[in-house]
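Chain residues, written in single-letter form:
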Amino acid sequence: MENILPYFTMALLYICTNPNPTVACILFRVVTIARILHTLVYAFYPVPQPSHIIAFGVAFAITIYMACAVALDMLAYI
């Protein structure tokens, strides 16, 4: 829950900026895999700490990337 709501918000706004479909598809797939791994590592199969933060960090980094892409696209309209 710590980054899924901001991700959904940024993903919706990112799609509204008409991004490259290939890049958007790759980003969405990587976040999906990262969230599944985060769940597996955290809830079902306890693994040492670096794996948990890596899975979280990948999804968070993509959310930040989408936020920056949306912000840069909106600057063109100012």
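What counts, and at which threshold
- Each chain has its residues counted from 1, following the order in which its sequence is written.
- Only residues with pLDDT of at least 70 are given local features in this predicted model, and only at 80 or more are side-chain atom pairs given and counted; all residues enter the totals for whole chains, interfaces and linings.
- Hydrogens and water are ignored here; the side-chain numbers use all heavy atoms of the structure.
- Numbering of helices and strands runs from the N terminus; a helix is a DSSP stretch of H or I covering at least four residues, while a strand is a stretch of E covering at least two.
- Any Phe, Tyr or Trp ring, taking Trp's six-membered ring, that has another such ring centre within 6.5 Å forms a pair; planes under 30 degrees apart are called stacked, those over 60 apart edge-to-face, and the others tilted.
- Relative accessibility thresholds used throughout: buried, under 20% of the residue-type maximum; exposed, over 50%; partly exposed, between the two (1.4 Å probe, protein chains only).

Moving on to unusual backbone geometry. At Asn-18, a residue that is not glycine, the phi angle is positive and equals roughly 55 degrees. Structurally, Asn-18 can be placed in the loop between α1 (4–16) and α2 (21–44).

Before going further, it helps to examine the packing of aromatic side chains. By the definition in use, this model includes four aromatic pairs. Between Phe-56 and Phe-60, the ring centres sit 5.8 Å apart and the planes meet at 10 degrees, which makes this aromatic pair stacked. In this pair, Phe-56 and Phe-60 both sit in helix α3 (residues 49–75), four residues apart, roughly one turn of the helix. Residue classification places Phe-60 among the partly exposed positions, given a relative accessible area of 41%. Within the aromatic cluster, the residues linked to one another by ring pairs are Tyr-7, Phe-8 and Phe-28.

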